[in-house]
Amino acid sequence: MKTKLDVRHISVSINRPASEVYEFASNPENLSQWATGLGGSIKKVKGEWTADTPMGKARIRFAEKNQFGILDHDVILESGVTFHNPMRVVPNGQSSEVIFTLFRQPDMSEEKFLEDAKWVEKDLIILRDLMEK
């Protein structure tokens, strides 16, 4: 049985329709503009998306395009360790909410977990600022 992980839901409101936010955020080619955790290095190699992350080279698998605003993605390190990242764009009237679920990994300190949460929040704010230009 797997151990239940601590979790933090990080969200930002964006003054743009959810469909527009989803369309932009679901395009891997746009990630380098706002997802700084991927180091601005995302590229497609032999049919797979790859990036240089703070944890080393990684493959990234994205949820299929969908009508529900699901932006889930897995980050797979060269070691095979996989981080599942649930993410959603949810309509809120004429605006939207972007919600990222951050899991605290086993043996991760509270300080590192808070640091990761701040990093995710910073990236979502960058996304918001891009979308609201």
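See the structure printed just above.
Throughout what follows, the structure given in this document is the object of discussion.

About the criteria used
Residues numbered from 1 in each chain as written. Predicted model: local features only at pLDDT ≥ 70, side-chain atom pairs only at ≥ 80, totals over all residues. Heavy atoms only, no water. Pairing = 2+ DSSP bridges. Helix = DSSP H or I, 4+ residues; strand = E, 2+ residues; numbered from the N terminus. Axes fitted to C-alpha atoms, helices over the stretch in contact; angles between N-to-C directions. Core = buried A, V, L, I, M, F, W, Y, C linked by side-chain atoms within 4.5 Å. Buried < 20%, exposed > 50% of the residue type's maximum accessible area, 1.4 Å probe, protein only. Contact = heavy atoms within 4.5 Å. Arc of directions from axis to C-beta.

Below, the discussion takes up the sheet that holds strand β2 (residues 43–45). Reading across the sheet, the five strands line up as β2-β3-β4-β5-β6 and stay open at both edges, with antiparallel pairing between neighbours. Every interior strand has two partners, whereas the edge strands, β2 and β6 (82–85), have only one. Looking at each pair of strands side by side, their axes are set apart by 35° on average, direction ignored. Here four bridges tie strand β5 (residues 73–77) to β6, and the two strands are oriented antiparallel to one another. Counted as the bridge partner of H73 is N85 from β6.

Let's shift gears to the sheet that holds strand β8 (residues 95–103). Strand order in the open sheet made by the three strands is β1-β8-β7, with antiparallel pairing throughout. The outermost strands of the open sheet, each flanked by one partner alone, are β1 (7–14) and β7 (87–92). Adjacent strand axes in the sheet meet at a mean angle of 25° when their direction is disregarded. Examined bridge by bridge, β7 and β8 share six bridges and lie antiparallel to one another.

What follows covers the nonpolar core. If you look at the biggest cluster of nonpolar residues, it comprises 33 residues, and the most contacted ones within it are W34, V98, L124 and L127. Top contributing element to this core by residue count: helix α2 (residues 110–131), with six residues. Once residues lying within four places of it in the same chain are set aside, the contact partners of L127 are I14, F24, A25, W34 and V98.

Relative to the helices and strands, E121 is located in helix α2. Residue E121 is classed as partly exposed on the basis of its relative accessible area of 41%. Along the chain, E121 and V12 lie 109 residues apart, while their C-alpha atoms are 7.7 Å from each other.

We now examine helix α1 (residues 18–25). Of all the residues in α1, the buried ones are A18, V21, Y22, F24 and A25. Mapping the buried residues of α1 onto a view down its axis gives an arc of 165°, with all of them on the same face. Looking at the buried side of α1, the elements it contacts are β1, β7, β8 and α2.

With that out of the way, let us pick up unusual backbone geometry. Despite not being glycine, K46 shows a phi value in the positive range, around 50°. Here K46 shows up in the loop between β2 and β3 (48–53). The phi angle at D107 is positive, at roughly 70°, despite the residue not being glycine. Along the chain, D107 turns up in the loop between β8 and α2.

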